[in-house]
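Below are the chains, spelled out letter by letter.
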Amino acid sequence: MSKDTVIYEVEDRIAWVRFNRPSKRNSMSPTLNRRMREVLDELEFRDDVGVLVLSGEGSAWSAGMDLNEYFRKTEAEGLGATRRAQAEAYGWWRRLRWFQKPTIAMVNGWCFGGGYGPLFGCDLAFAAEEAQFGLSEINWGILPGGGAAKVAVELMSMRDAMYHAMTGEPIDGRKAAQWKLVNEAHPLDQLKARVTEVAENLLKKNPVALKATKDALRRVAEMTYDNAEDYLIRAQEAANFHDNSGRKEGIKQFIDEKAYKPGLGVFEGADKPAAKPGT
Ligand code: ACO
């Protein structure tokens, strides 16, 4: 069943989405890629979803592209099928990069090659210490395509990225955290608790400010300083349109009411913007 390639449940405003081809180590087939796009569509603007967590069923997060279904079978069908399969895969990773809600990769196990696309697509990433990460493309004779080479140099130092890509040696979750592929690594049995804690923290923040913030960090990374300054003014003014009193309330609770300290936490009611996004 194509629907079974991705499963999810929503609990306490966290959407727990999982790659679900454990017998194929959650490698990404065209069917899975199409289904993941649908799932993102289903979840993105649900009022009961504040954070999305992406993990995998079984021993893998994702063993990259399905070498049989994504490469061999589509190539056998010709260039049109290959381009379609690429567009479907890259499409949902792009969708994830600009998702309306904060996203967290919870890397529970194997993460190879094409898996770096959704890994980078998520705003934050937490790995099991036991997880294994690798740009294994070199081991079967291709370059790290599908954005994987770009992900490596975006996240890691050039030396680490080059070593990682040229040797194809896997690294564990701890090293992935040292090399900045992920934010943190934790023992597998503590991983979900830590991710839940981070998600619950994000759920308390103003959702308009969160979306503006995550987009801003990705956008300014590619801008000159002057362009970034200008973009950030305009992005904040656009955010004001979607939430017309959040920041005023934040200032009031600190300056007038002395109810909280912004340096140490978030103001009361930040998670409920005054105007709904889009209104
Ligand atoms: N594509 C297609 N099938 C895969 C993939 C994949 N990427 N990864 C695993 N599978 C399949 C295996 O063929 C096997 O299928 P079978 O049961 O029908 O024989 C099944 O998943 C289980 O795989 P095993 O190798 O037996 O699992 P094991 O737990 O021993 O090893 C590991 C896991 C290390 C992830 C191994 O499967 C592997 O090296 N996979 C390929 C990783 C990789 O290099 N991916 C491509 C990256 S490059 C890119 O994405 C562009």
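Criteria and cut-off values
Sequence order sets the numbering: in each chain, residues are counted from 1 along the sequence as written. Confidence filtering applies because this is a predicted model: local features only for residues at pLDDT of at least 70, side-chain atom pairs given and counted only at 80 or more, and all residues used for totals across whole chains, interfaces and linings. Side-chain metrics rest on all non-hydrogen atoms present in the structure, leaving aside hydrogens and water. Should a side-chain nitrogen of Lys or Arg be within 4 Å of a carboxyl oxygen of Asp or Glu, the pair is scored as a salt bridge. In this description a helix means any DSSP run of H or I spanning at least four residues, a strand means any run of E spanning at least two, and both kinds are numbered starting from the N terminus. Between buried and exposed lies partly exposed: a residue is buried under 20% and exposed over 50% of the maximum accessible area for its type, with that area taken using a 1.4 Å probe on protein chains only. A domain assignment, automatic or from a database, supplies the domain bounds used here. Note: buried area is the sum, over both parts, of the accessible area (probe 1.4 Å) each one loses when the two are combined. Whenever two N or O atoms come within 3.5 Å, that pair is a polar contact, provided that in protein one can donate a hydrogen and the other can accept it, and provided that, for residues adjacent in sequence, both atoms are side-chain atoms. In this classification, the charged set is Asp, Glu, Lys and Arg, the nonpolar set is Ala, Val, Leu, Ile, Met, Phe, Trp, Tyr, Cys and Pro, and all remaining amino acids, among them Gly, are polar. Using a grid of 1 Å spacing that covers the protein atoms alone, one calls a set of points a cavity when a 1.4 Å probe fits there but cannot get out, and a pocket when the set is open and has protein on both sides within 12 Å along at least five of seven lines; lining residues are those with an atom within 4 Å of a point. Grid points are joined across faces, edges and corners, and a volume is the space filled by probe spheres set on the points.

Caption draft 1: Molecular detail of the pattern of salt bridges. Scanning the model with the defined rule gives 22 salt bridges in all. In this structure, D66 engages R21 in a salt bridge whose closest nitrogen and oxygen atoms are separated by 2.9 Å. Here D66, found in the loop between β4 (60-62) and α2 (67-77), pairs with R21, found in the loop between β2 (14-19) and α1 (30-44); they are 45 residues apart in sequence, far enough to count as distant. Residue classification places D66 among the buried positions, given a relative accessible area of 7%. With a closest N to O distance of 3.1 Å, D271 and K272 form a salt bridge.

Caption draft 2: Local environment of unusual backbone geometry. Its identity is not glycine, yet R25 carries a phi of approximately 55°, on the positive side. Checked against the element boundaries, R25 lands in the loop between β2 and α1. Phi is positive for K258, close to 50°, though the residue is something other than glycine. Here K258 is to be found in the segment after α12 (246-255).

Caption draft 3: View of the domain arrangement of the chain. In terms of domains, the chain is made up of domain 1 (2-203) and domain 2 (207-264). Computed over C-alpha atoms only, the centres of domain 1 and domain 2 are separated by 29 Å. Here domain 1 and domain 2 share an interface that buries about 870 Å² over both sides, 50% of which is from carbon and sulfur atoms. Considering only the side of domain 1, the residues that lose the most area to domain 2 are W98, Q100 and D123, jointly responsible for 57% of the buried surface there. On the surface where domain 1 and domain 2 come into contact, there are two salt bridges. Two residues, D123 and R218, come together in a salt bridge whose shortest N-O distance is 3.6 Å. At the junction of domain 1 with domain 2, the criterion picks out eight residue pairs in polar contact (both at pLDDT 80 or more). Class assignment of the residues belonging to the side of domain 1 that touches domain 2 gives a composition of six nonpolar, three polar and three charged.

Caption draft 4: Local environment of the layout of surface pockets. There is about 950 Å³ of room inside the largest pocket. If you trace the largest pocket, you find 33 residues lining it, with R97, F120, C122, D123 and R218 closest to the centre. With six residues, the top contributor of residues to the lining of the largest pocket is helix α10 (residues 207-220). Residue composition of the lining of the largest pocket, grouped by class: 18 nonpolar, five polar and 10 charged. Each of two domains, domain 1 (2-203) and domain 2 (207-264), supplies a minimum of three residues to the lining of the largest pocket.

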